[in-house]
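Structure at a glance
Each chain is listed here by its residues.
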Amino acid sequence: MGSLAVNGEEDVTGYDAISYEDVEPRVPGMSFLRDALDCETHGLTVIEADEGWDGLEHDHEDDGQEEVYLLLEGAATIQIDGNQVDLASGDAVRVDPETTRELEFTADDSLMVVTGAP
């Protein structure tokens, strides 16, 4: 699967590998890797964003998915049940499924990984 080769082989069983850059973004700046990696329960999203990019306020109470937001580069804030958490490069935050969250990037060239699973 995907564009990564293991020991020169493209067709290897037991796992899937892909570069997020090979996944067509579903919305600007967001590459959802769940389907590309054939994940059954785990979600994985890469966000490339500039200052002012913001996400929708949401929770995952219905599907029981907790999420972890890991900011690799740039700066962002996440509103968690009305509390602002400022993130700098290297910071991570975990959010319970029933908790509302809303993400906003506050620096250009930001890069974030979001993972989620029940």
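Parameters at a glance
Residues numbered from 1 in each chain as written. Predicted model: local features only at pLDDT ≥ 70, side-chain atom pairs only at ≥ 80, totals over all residues. Heavy atoms only, no water. Helix = DSSP H or I, 4+ residues; strand = E, 2+ residues; numbered from the N terminus. Buried < 20%, exposed > 50% of the residue type's maximum accessible area, 1.4 Å probe, protein only. Contact = heavy atoms within 4.5 Å. Pairing = 2+ DSSP bridges. Axes fitted to C-alpha atoms, helices over the stretch in contact; angles between N-to-C directions. Core = buried A, V, L, I, M, F, W, Y, C linked by side-chain atoms within 4.5 Å.

**Quick look at the environment of A49**
Relative to the helices and strands, A49 resides in strand β2 (residues 43-49). Using a relative accessible area of 5% as the deciding quantity, one classes A49 as buried. When the C-alpha atoms of A49 and A76 are compared, they prove to be 9.6 Å apart, with 27 residues separating the residues in sequence. The residues contacting A49, other than those within four sequence positions of it, are F105, A107, D108, D109 and S110.

**Here we look at the environment of D35**
Along the chain, D35 turns up in the loop between β1 (30-32) and β2. Classification of D35 by relative accessible area gives exposed; the value is 61%. Note: C-alpha distance between D35 and V23 (12 residues apart in sequence) is 9.7 Å.

**Section: the sheet that holds strand β7 (residues 101-105)**
Taken together, the three strands give an open sheet; going across it, the order is β5-β4-β7, and neighbouring strands pair in antiparallel fashion. Because the sheet does not close on itself, it has two edges, and the strands there are β5 (83-88) and β7. Across the sheet, the mean angle separating the axes of adjacent strands is 20° when strand polarity is ignored. As defined by bridge partners, strand β4 (residues 75-80) adjoins β5 across six bridges and the pair is classed as antiparallel.

**Some details on the side chain of T77**
Following the sequence through the fold, T77 ends up in strand β4. When neighbours within four sequence positions are excluded, T77 is seen to be in contact with Q84, V85, D86, E102, L103, E104 and T106.

**Let's talk about the nonpolar core**
I47, Y69, I78, L103, F105 and M112 are the most contacted members of the largest nonpolar core, which has 15 residues in total. Of the residues forming this core, the biggest block, three residues, is contributed by β4. Beyond its immediate sequence surroundings of up to four residues, I47 is in contact with G29, M30, W53, L103, F105, S110, L111, M112 and V114. Residues V23, A36, L37 and V46 belong to the second largest nonpolar core, which totals eight residues.

**Regarding the sheet that holds β1**
If you walk across this open sheet you meet the five strands as β1-β2-β8-β3-β6, and the pairing is antiparallel. Taken across any chain shown, the strands that pair with only one partner, and hence form the sheet edges, are β1 and β6 (92-95). On average, adjacent strands in this sheet sit at an angle of 15° to one another, irrespective of strand direction. Judged from the three bridges that link them, β1 and β2 form a sheet pairing that is antiparallel. For M30, the partnering residue across the bridge sits in β2 and is I47.

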